[in-house]
Amino acid sequence: MFTSVDDVSARLAETGYLASPAVATTVFLAARLGKPLLVEGPAGVGKTELAKAVARATNARLVRLQCYEGVDESRALYEWNHAKQLLRISAGRDESWDEARTDIFGEEFLLPRPLLTAIRGDDAKVLLIDETDKADVEVEGLLLEVLSDFQVTVPELGTVTATRRPFVVLTSNASRELSEALRRRCLFLHIGFPEEELERRIVRLKVPDLDEALAGSLVRVVGALRAMELRKVPSVAETVDWARTLLALGADTLDEAVVRDTLGVVLKHQDDVLRAAAKLDLDTL
């Protein structure tokens, strides 16, 4: 997929994703070693976007499993089209059960879900297992089977083995601890909030019409907000939203009036807004 760490950085940058050296190195190793990549970090720092960027950079198909409480095997792996099966049985009333069973458990009636979709076929794929920590512990057992051997057993059809392994990215906000067995099968990458210079470059890339000096001021203010004890500190995505807000308002500087009127773009709780308004000193930034 990639020839070097520099190749990762360059090709991701072409898609609009600015990767730090640690991110580029870990992506390169995951691709070279054929290992799943577990990416942890706070919401909004670019974990999901990394998988999308890898797919764009390698012209691969993105297959996404969005995890949530209650997601089960039928939603993650496959299920049968029961309505279509019933119609088939009704249409063949003169057939014996053995004859009908052979037919209704065929490919025509199979509904592949993300995990099965990702290991079938010869085309390049990126499998994104998003917010893995939101899934029930039982789902991890299913992931272990798939990520260990890249094969899935469908009792009625047999075992499906990947002829071309997908590049796998699992994301987690660390809302619960993932099992050690799952972690052992992955390379680990933590993406935190970027350093000031990198975040400024991200803002300039995503909002190129924003004045460079204003972008620098914006990033410094966001850094000051993150240093406060807030219920939810601003993410990189919210920094970009704030930059777009300033551009839409035609703001030339980030003064107290502009900050007061637009804090709701980056802070999502009233007590955070009040605390920031009281403690933020723009003269020192």
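Details of the structure are given in the entry above.
Read on for a plain summary of the structure. (Residues numbered from 1 in each chain as written. Predicted model: local features only at pLDDT ≥ 70, side-chain atom pairs only at ≥ 80, totals over all residues. Heavy atoms only, no water.)

**Observations regarding the overall build of the chain**
Here is step 1: The helix and strand inventory of the chain stands at 14 helices and nine strands.
Here is step 2: Here the C-alpha radius of gyration of the chain, 24 Å, is well above what a compact globule of 285 residues would show, namely 19 Å.
Here is step 3: C-alpha atoms of the chain, sized along the principal axes, occupy 85 × 40 × 35 Å.
Here is step 4: The buried share among the 285 residues of the chain stands at 47%.
Here is step 5: A sequence separation of at least 24 residues applies to 73% of the contacts in the chain between residues at least 6 apart.
Here is step 6: Entry remark: accessible area of the chain is about 14,400 Å², with carbon and sulfur atoms responsible for 50%. (Helix = DSSP H or I, 4+ residues; strand = E, 2+ residues; numbered from the N terminus. Rg over C-alpha atoms; globule rule 2.2 N^0.38 Å. Buried < 20%, exposed > 50% of the residue type's maximum accessible area, 1.4 Å probe, protein only. Contact = heavy atoms within 4.5 Å. Areas by Shrake-Rupley, 256 points an atom, 1.4 Å probe, with all protein chains shown as cover.)

**Focus: helix α3 (residues 47-57)**
Here is step 1: For α3, every residue scored as buried is listed here: Lys47, Leu50, Ala51, Ala53, Val54, Ala55 and Ala57.
Here is step 2: The positive-phi residue at the C-terminal boundary of α3 is Asn59, with phi of around 55°.

**Quick notes on the packing of aromatic side chains**
Here is step 1: With the rule as written, the count across this model stands at one aromatic pair.
Here is step 2: Seen in terms of ring centroids, Tyr78 and Trp80 are 6.3 Å apart; in terms of plane orientation they differ by 80°. Their pairing is edge-to-face.
Here is step 3: The exposure class assigned to Tyr78 is buried, which follows from its relative accessible area of 11%.
Here is step 4: Above the ring of Phe109, the side-chain terminus of Lys84 is found at 5.7 Å from the ring centroid. (Phe/Tyr/Trp six-rings, centres within 6.5 Å; stacked < 30°, edge-to-face > 60°. Lys NZ or Arg CZ within 6 Å of the ring centre and 35° of its normal.)

**Quick look at the side chain of Glu238**
Here is step 1: Mapped onto the secondary structure, Glu238 falls in helix α12 (residues 236-249).
Here is step 2: Judged by its relative accessible area of 9%, Glu238 falls in the buried class.
Here is step 3: Among the polar contacts listed, one links the side chain of Glu238 to the backbone nitrogen of Ser235, at a separation of 2.8 Å.
Here is step 4: With residues near it in sequence (within four places) discarded, Glu238 still touches Lys232, Val233, Val265, Val266 and Lys268. (Polar contact = N/O pair within 3.5 Å; in protein donor to acceptor, adjacent residues only side chain to side chain.)

**Things to note about the side chain of Glu131**
Here is step 1: Note on placement: Glu131 falls in the loop between β5 (125-130) and α8 (137-149).
Here is step 2: In terms of polar contacts, Glu131 uses its side chain to reach the side chain of Gln66, at 2.6 Å.
Here is step 3: Contacts of Glu131, omitting those with residues within four sequence positions, involve Gln66, Cys67, Thr171 and Asn173.

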